Amino acid sequence: MLPKNPSKGLILIAEDEQMIRQILRRTMEKEGYSVVEATNGKECLTVFENTQPDIIIMDGMMPEMDGATACAEIQKMPGGEDTPILMVTALNDDEMVHRAFEAGASDFLTKPVHWAVLQHRVDRLIKARRADQELQQLLADMEILRRIDRELGYTLEIQRVLDLAMDAAVRRAAAVACVIGWIREGTNSLQRLAAIGRPSTLIEPVAIKDLPEIYPSIYKVFEERKKTIYETHINENSVQLIIPLTLEGQVQGFIGLEQVPSNYLNKEDYDFLTYLASRTADAIEKVQVYEKSQLRAEQMRRLHRISSEISSHLDHNEVIELGTRGEAHLLNAPCTFYCEYDKSENILTVSHVFMSIDSPITAPSIGKIFAINEYPTLISKLIEGPVQATITDEEQANSDDGYRFVKDLGVNHALIVPLSEKENLLGIIVLCQHNPEREYLSDEISLARSLAGQVTVALQNATLFHNVQDLEQVKSEMIRMASHDLRNPLTQVSGYLHLMIGTLPNLDERQEKFLERIKRGIDRMESLIEDILNIEKIESQQPINWTPINISALIRHVSASLKPQADLKGQSLKIAVPETNDMVMGSDVQLAQAFNNFINNAIKYTPDGGNVEVRMKFEDEKAHFEVVDSGYGIPLDRQDKIFQRFYRAMSPGTEDIEGTGLGLSLVKTVIEKHGGGVWFTSEEGKGSIFGAWLPIAPITEDIPTN
Ligand code: ADP
């Protein structure tokens, strides 16, 4: 390939007269032009094709092919239209002038040639051509940049961005190969992002510190923070270009162009490549930010999914298994395992292992023990947070306990995530990687840590649940025993008391009062025992022998049975319960007991002469029940415990009302066992509404309507 910009310009002189040719050559060469010659019209075409001159000085009258015809032929050749042709004609040869202009000549001169005029014309034409070429080039550059800008602006695919940039750079520099290198986030190593044409540079990732030795020319733009293109002469014909890719003044990567012809590029080319590099760096960053945010969003989704799965388990082993697997899924680790820490023995024992199907790593076997006194600083480091180690640096591997531990695991890279509770280490989850390049970034480590936190909480819950379950069982057993053992003597006391009352003669008023108090005390104890045994029975009973129950009939029946009680207190008891055939599957004894407690409470906690209303409606395949009273109500600060066992919300007016604090607890247990729910609203001094809903059983042929 010819140099792109020889001397002031290359002139093709097409002239049959040798004398004139020579004078022309000398004159133009003196002015700093290069000259090629042709002796006739035909030769002119060949020389034009071979040399692509900047201008042609063409004699009109030539043998073989005259100037006007040669001019017309050149227009058809590549680059012909853009090449100015200065036609030299004989004086008064108007016809030739016409033909020449028609054929595409740019200007003409008449013989005898006035040298100063010729020079001036050639200068002007070449300048005009150069300006035109530059404009064309500028337009072409702008078009490419516009395209790149647009495509880079739109595309969020890294490969597409890189292909576009490499394609534009290679074309512009006439390079044979191109490579784009970029520093991997969070590391100090430079790796190949993309390449075309088999470049010899950066085949393997390289640590920045090794650049001076391995790639000194790339090192120049990194370490010297060069913002300009760095050029190295490879041989006399070609150069290598390293174009820095900078973000906020920091060199983040480079575009390397190999085998660029020497002296091929001009200033505009360098400007173009510099601009291209700046747009490419921005686009890479944009895509990486986008990809990272996508990845983080996906990881957050995974974390959420795994966390909620873990928190719904209350078994120690299941939690650990989910945690070990979860960490692998969260951060794409091919192999993870859990080690339990035994503080007294100072050992870590492998208890759970997860390996993906294609894991290149084999996890240590279950039961394997690591004696921690061989890594004395490891535990204190883990109490502070996760430890990450990559086995690439032998020296470091020997000096650091974390590194030595990972090395003893036989993997290239690992992240050790502690499960700790304050200063106590419970265990560790180890995430292994085969590829030492896959170091975890700080936000990935935070994710792993956050999951480990959830696992720790779930483990604590599992332990708590285990203990509570044991306690709950002991408590139930004790209550059951106590209630049974109390019931018999109480029945005896009650029986003898009745006998005494019936047989003792002439009791005075005081004695009768005492006996009455004993009787009330016994009654209370009996109903307390009755309630406790009822609740225990309901809680332990399975829903066998459940039948379809006509719920509105049941509620009407219960309400009616409580009417005398309301009458005794002079209350109005309104029963607004429609007659329907809606059925609820359940135990009629239990449900009757529950609604009895609700309505009974309304009567009990409403002063004499008040109002109680029982309502029922059917909606959304549910039976909705509520009992409204105009009673004492419940103070706001006592409302949240109202359904707890033995809780009694004493308020002004209700101090003397007897009760066990077990009624509402029984209601809640029964209704929830039947797949429904309870609720209430209450205002002190105004009254309360207690409500419940139950699912209506789907209608089938078999359900009898009782
Ligand atoms: P108790 O045997 O004390 O009635 P419950 O479990 O049935 O036990 O009720 C718990 C507490 O809730 C009662 O002690 C009372 O303070 C309050 N309570 C229940 N129902 C009503 C109501 N309709 N109006 C006001 N307070 C109520």
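See above for the structure.
Residues numbered from 1 in each chain as written. Predicted model: local features only at pLDDT ≥ 70, side-chain atom pairs only at ≥ 80, totals over all residues. Heavy atoms only, no water.

**Some points on the overall build of the chain**
Formally: Secondary structure is summarised from DSSP: a helix means a run of H or I of at least four residues, a strand means a run of E of at least two, and numbering begins at the N terminus for each. Atoms counted for the radius of gyration: C-alpha only. Globule rule: 2.2 Å times the number of residues to the power 0.38. For every residue, the accessible area (1.4 Å probe, protein chains only) is compared with the maximum for its type, and the residue is labelled buried under 20%, exposed over 50%, or partly exposed between those bounds. When checking whether two residues touch, look at their non-hydrogen atoms; a contact exists if any pair is within 4.5 Å. We treat Lys and Arg as the positive residues and Asp and Glu as the negative residues; His and chain ends play no part in the count. Charge positions come from single atoms, namely NZ of Lys, CZ of Arg, CG of Asp or CD of Glu.
Counting its regular elements, the chain contains 18 helices and 24 strands. Whereas a compact globule of 706 residues would reach a radius of gyration of roughly 27 Å, the chain reaches 48 Å, over 25% beyond that. If one aligns the C-alpha atoms of the chain with their principal axes, the spans along those axes are about 170 × 70 × 50 Å. Taken across its 706 residues, the chain has 43% of its residues classed as buried. Across the chain, the fraction of contacts at a sequence separation of at least 24, relative to all contacts at a separation of at least 6, is 62%. Here the chain holds 71 positive side-chain charges and 105 negative ones, and the gap between their average locations is 3 Å.

**Regarding the nonpolar core**
Defined as follows: As used here, the term nonpolar core means buried Ala, Val, Leu, Ile, Met, Phe, Trp, Tyr and Cys residues forming a set that is joined through side-chain atoms within 4.5 Å.
Membership of the largest hydrophobic core comes to 43 residues, with the highest contact counts inside it found for Ile551, Ile555, Leu591, Phe595, Phe598 and Phe625. Among the elements of the structure, helix H15 (509–540), helix H16 (551–568), helix H17 (588–604), strand E21 (611–619), strand E22 (622–629), helix H18 (663–673), strand E23 (677–683) and strand E24 (687–695) are those that each provide at least two residues to this core. In contact with Leu591, other than residues within four places in its own chain, are Ile549, Ile551, Leu554, Val584, Val670, Ile671, His674 and Leu694. Listed in part, the 35 residues of the second largest apolar core include Ala173, Ala194, Leu241 and Phe272.

**Things to note about the site of the ligand**
Rules: Here a residue counts as near a molecule or strand whenever at least one of its heavy atoms sits within 4 Å of it. The definition of a polar contact used here is a pair of N or O atoms within 3.5 Å, where within protein one atom must be able to donate a hydrogen and the other to accept one, and adjacent residues in sequence count solely through side-chain atom pairs. Using a 1.4 Å probe, accessible areas were evaluated by the Shrake-Rupley method; residue-level cover was limited to the displayed protein chains. A 1.4 Å probe that fits but cannot get out identifies a cavity on a 1 Å grid over protein atoms alone, an open set with protein on both sides within 12 Å along at least five of seven lines counts as a pocket, and a residue lines either if it has an atom within 4 Å of a point. Think of it this way: a molecule belongs to a cavity or pocket when more than half its atoms come within 2 Å of the grid points there. By the convention adopted, Pro, Cys, Tyr, Trp, Phe, Met, Ile, Leu, Val and Ala count as nonpolar, Lys, Arg, Asp and Glu as charged, and the other residues, Gly among them, as polar.
Around the ligand there are 19 residues in total, and Asn601, Tyr605, Arg648, Thr660 and Leu664 lie nearest to it. Contacts to the ligand include Thr660, whose backbone N or O atom sits 2.9 Å from an oxygen atom. Measuring from an oxygen atom of the ligand, one finds a backbone N or O atom of Gly663 at 3.1 Å. Coverage of the ligand by the protein chains reaches 97% of its 530 Å² of free accessible surface. One can see that the ligand is located within the second largest pocket. Of all the secondary structure elements, the ones that give two or more residues to the shell around the ligand are H17, H18 and E24. Here the element with the most residues in the shell around the ligand is H17; it accounts for three residues. Split into classes, the residues belonging to the shell around the ligand amount to nine nonpolar, seven polar and three charged.

**Here we look at the sheet that holds strand E12 (residues 335–342)**
So the rule is basically this: Strand pairing follows a simple DSSP-based rule, namely that at least 2 bridges must link the two strands. Fitted lines through C-alpha atoms give the axes, limited to the stretch in contact for helices. The angle between two N-to-C directions lies from 0 to 180 degrees.
Ordered by their spatial adjacency, six strands build an open sheet running E14-E13-E12-E17-E16-E15, and the pairing between neighbours is antiparallel. The sheet terminates laterally at strand E14 (369–371) and strand E15 (387–390), the two strands that pair on one side only. On average, each strand axis in the sheet is tilted by 25° relative to the strand beside it, whichever way the strands run. In this sheet, strand E17 (residues 424–433) lies alongside strand E16 (residues 413–421) in antiparallel orientation, the contact comprising nine bridges. Bridge assignment links Glu421 to a residue of E17, and that residue is Asn424. Running over the sheet, helix H14 (residues 442–503) touches E12, E15, E16 and E17 and is turned about 40° from E16.

**Digging into the pattern of salt bridges**
Inclusion rule: Salt bridges are identified by distance alone: a Lys or Arg side-chain nitrogen within 4 Å of an Asp or Glu carboxyl oxygen.
Considering all chains together, one arrives at 30 salt bridges under this definition. Across the salt bridge formed by Asp66 and Arg99, the nearest N and O atoms sit 3.1 Å from each other. In this pair, Asp66 sits in the loop between strand E3 (55–59) and helix H3 (67–76) while Arg99 sits in helix H4 (residues 94–103), placing the two residues 33 residues apart along the sequence. With a relative accessible area of 30%, Arg99 lands in the partly exposed category. Asp443 serves as the salt-bridge partner of Arg296, at 2.8 Å between the closest nitrogen and oxygen. Residue Arg296 is found in helix H9 (residues 267–311), and its partner Asp443 is found in helix H14; the two are separated by 147 residues along the sequence. On the accessibility criterion, Arg296 (15% relative accessible area) is buried. Taking relative accessible area as the criterion, Asp443 reaches 27% and is therefore assigned partly exposed. Ionic contacts of the salt-bridge type, sharing partners, join the residues Arg21, Arg25, Glu29 and Glu37 into one network.

**Quick notes on a negative patch on the surface**
Stated formally: A residue counts toward a patch only above 30% relative accessible area and without a salt bridge, and it is joined to like-charged neighbours within 9 Å or, for Val, Leu, Ile, Met, Phe, Trp and Tyr, to nonpolar neighbours within 5 Å.
A surface patch of negative charge is lined by Asp508, Glu509, Glu512 and Glu516. Secondary-structure assignment places Glu512 in helix H15.

**Here's the deal with a nonpolar patch on the surface**
Nonpolar side chains collect at one region of the surface, where Leu135, Leu138, Leu139 and Met142 lie side by side and expose about 390 Å² of accessible area between them. Tracing the backbone through its elements, the reader meets Met142 in helix H5 (residues 115–154).

**Here we look at the side chain of Ser587**
Among the secondary structure elements, Ser587 is positioned in the loop between strand E20 (583–586) and H17. On the basis of relative accessible area, Ser587 is assigned to the buried category, the value being 15%. Here Ser587 is in contact with Trp546, Ile549 and His674, once residues within four sequence places are set aside.

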